[in-house]
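Summary of structural features
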Amino acid sequence: MIDHTHDVEATSWVADGSGTNDFPIQNLPWGVCSKHGIVVAIGDQAVVLRSALDQNKLQFADDITLALRASDLNDFMSLGQEIWTLVRHALFELLRGEPVPEILCLQSELRLVMPAKIGDYTDFYAARNHATNVGKMFRPDGDPLMPNYLHLPVGYHGRASSVVITGTEITRPHGQLKPDEGDPIFAPCKLLDYELEFGAFIGCGNTMGERITMDDAMEHLFGIVILNDWSARDVQKWEYQPLGPFNAKNFASTISPWIVTIDALAPFRKNGPARLDSDPPLLEYLQPVTEDVLDVNCSVSISSATMRSDDVEATQLTKSSLSNLTWSFAQMLAHHTSTGCPMNSGDLIGSGTISGETKDSRGCLLELTWRGTEPLDLPDGTQRRFLQDGDELTIEAWCESDSATRIGFGSCTGRILPA
Ligand code: CA
């Protein structure tokens, strides 16, 4: 809900906390650092929750205080929408009132770690343009979309243990590869790719046997992060039938460190997702009832080791928007729990690769280079079909509109190490 914390006139006493970067007072995203526990970003600083509580600058009921003193966000996420909003309002007042610089730390001095213990991770396939492009490449003779695609959000159960925080180096995985001619071999992946996605953290879960319906799905989501689902395309091609991706997707997925809350995203929600007149009608349990679409801009850039040593700026690969999804996070959650599958606080659901309609909005190299047949030129004179050792990928994301203050997500970065 839009309230006074989204007021474009609101400013903070924290220098640079008033709309000049990713983290103005209208944003207040949550993270965790190794030394101080839970922190909230403001400008180029962060509020250390333990310090603010120790100095009685924030005062809450015992269960909230205990959750905010923890070393991850799971307990706070489990407290629910009303408490998240209550604490957001208290932080907003604190950062508007009398200056208390002793509760702050410079973000540049923090080592941010995983914001929550992720018990379960599910990745969806929710952008029609991505599914269509992949379908055209792998099944050129038939309908690129499988018959189920427009009836339900397709997903697979991923591997929570391999979700890592931005900056973690990614070692090129080995895998079983099948050459066009001859027997399979075991070797380093040759077709390493990124996937531009967002991940939604579950706040309050559900009891086994109960469903989360579209009516309140958005209230179960705590917030979202940028997600890069690193993918081994040659492993995937050989293994994916009949049960879907396995080792191609289980070696690393990188997230950005600050969770931007659904509360902060209130001015950037839209009705939808849009469907075409020719699309089949949705079953009732998947019909949107609120503004389920989150309008978040995103871009991907790459730098090679040579580019970095020559001080050449990273070059942009992809420009897209989370609003390109065919299925919303609310629909993914309603479908995921439609069997009564229990979700827990801190579970993560990935959107799937976000591709738009234009070539420059394709969300992975597989699509951008059309399976390697249309290589991209980099400023260092080399070409890319897929990622090479030393390549560094950075995804950035932000929201902007005429009627709201711009807010950002920070960035999600990873560098490829040799196998
Ligand atoms: Ca994916």
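Scroll up for the structure.
Here is a short report on the structure shown in this document. Please read all numbers here as calculations on a predicted model, not as lab measurements.

What counts, and where the lines are drawn
Residues numbered from 1 in each chain as written. Predicted model: local features only at pLDDT ≥ 70, side-chain atom pairs only at ≥ 80, totals over all residues. Heavy atoms only, no water. Phe/Tyr/Trp six-rings, centres within 6.5 Å; stacked < 30°, edge-to-face > 60°. Helix = DSSP H or I, 4+ residues; strand = E, 2+ residues; numbered from the N terminus. Buried < 20%, exposed > 50% of the residue type's maximum accessible area, 1.4 Å probe, protein only. Salt bridge = Lys/Arg side-chain N within 4 Å of Asp/Glu carboxyl O. Lys, Arg positive; Asp, Glu negative; His and termini not counted. Polar contact = N/O pair within 3.5 Å; in protein donor to acceptor, adjacent residues only side chain to side chain. Contact = heavy atoms within 4.5 Å. Donors = N, O, S within 2.8 Å, 3.2 Å for Na, K, Ca; no water. Pairing = 2+ DSSP bridges.

Under the defined criterion, the tally for this structure stands at six aromatic pairs. Taking 5.9 Å as the distance between ring centres and 85° as the angle between the ring planes, the aromatic pair formed by phenylalanine 76 and phenylalanine 222 counts as edge-to-face. Taken together, the residues phenylalanine 76 in helix 3 (residues 74-78) and phenylalanine 222 in strand 14 (residues 221-229) connect sequence positions 146 residues apart. Judged by relative accessible area, phenylalanine 76 falls into the buried class, the value being 0%. Put simply, the rings of Trp30, Phe76, Trp84 and Phe222 touch in pairs and so form one group of aromatic residues.

Note that side chains of opposite charge can pair when their charged atoms are close. Going through the model one piece at a time under the given rule, you end up with 14 salt bridges. The shortest N-O distance in the salt bridge between aspartate 54 and arginine 69 comes to 2.9 Å. Of this pair, aspartate 54 sits in helix 1 (residues 49-54) while arginine 69 sits in the loop between helix 2 (62-68) and helix 3, and the two are 15 residues apart along the sequence. Of the charged contacts, one joins glutamate 374 and lysine 359 as a salt bridge, the two residues approaching to 2.8 Å between their closest N and O atoms. With glutamate 374 in the loop between helix 9 (365-368) and strand 23 (376-377) and lysine 359 in the loop between strand 22 (348-350) and helix 9, the pair connects residues that are 15 residues apart, well separated along the chain. Overlapping salt bridges, with partners in common, bring together Asp193, Glu195, Asp229, Arg233 and Lys249 in one network.

Assignment of secondary structure puts aspartate 347 in the loop between helix 8 (329-336) and strand 22. Buried and unpaired, aspartate 347 has no salt bridge, with lysine 117 as the nearest side chain of opposite charge at 12 Å. A distance of 3.1 Å separates a polar atom in the side chain of aspartate 347 from the backbone nitrogen of aspartate 120. Reaching out from aspartate 347, the side chain makes a polar contact with the backbone nitrogen of asparagine 344 at a distance of 2.9 Å. Excluding residues that lie within four positions of it along the chain, aspartate 347 makes contacts with Ile118, Gly119, Asp120, Ala200, Phe201 and Ile202.

Below, the discussion takes up the coordination of the calcium ion. Coordination of the calcium ion by the protein is provided by Asp123 (OD), Glu195 (OE), Glu197 (OE) and Asp229 (OD), with metal-donor distances spanning 2.2 to 2.3 Å. Here the donor residues of the calcium ion are spaced in sequence according to D-x71-E-x1-E-x31-D.

Taken in spatial order, the five strands of this open sheet run 9-26-25-20-21, and their pairing is mixed. If you trace the sheet from one side to the other, it starts and ends with strand 9 (170-171) and strand 21 (315-321), each paired once.

The strand order across the open sheet formed by five strands is 4-3-2-1-5, and the pairing between neighbours is antiparallel. Bordering the open sheet on either side are strand 4 (104-106) and strand 5 (112-113), each of which pairs with just one other strand.

Let us now look at the pairing of strand 10 (residues 174-177). Residues of strand 10 alternate between two faces, with Gly175 and Leu177 buried on one and His174 and Gln176 left unburied on the opposite face. Across four bridges, strand 10 lies against strand 11 (residues 185-188) in antiparallel orientation. Each residue of the ladder has a partner; that of glycine 175, found in strand 11, is alanine 187.

Here we come to the pairing of strand 3 (residues 45-48). The two faces of the sheet receive side chains in turn, since in a regular strand these alternate between them. Here strand 3 shows a buried face lined by Gln45 and Val47 and a second buried face lined by Ala46 and Val48. In this antiparallel pair of consecutive strands, strand 2 (residues 37-42) and strand 3, the connection spans two residues, and glycine 43 shows a positive phi of 60°. Direction of pairing for strand 3 relative to strand 4: antiparallel, over a ladder of three bridges. The partner of alanine 46 across the bridge, within strand 4, is cysteine 105.

It is worth spelling out the environment of isoleucine 38 at this point. Note on placement: isoleucine 38 falls in strand 2. Here the alpha-carbon distance between isoleucine 38 and lysine 249, two residues 211 residues apart in the chain, equals 29 Å. Residues in contact with isoleucine 38, not counting those within four places in the same chain, are Trp30, Gly31, Val32, Val47, Val48, Leu49, Ala67, Leu68, Ala70, Asp72 and Leu73.

Shape descriptors only; they carry no functional weight alone.
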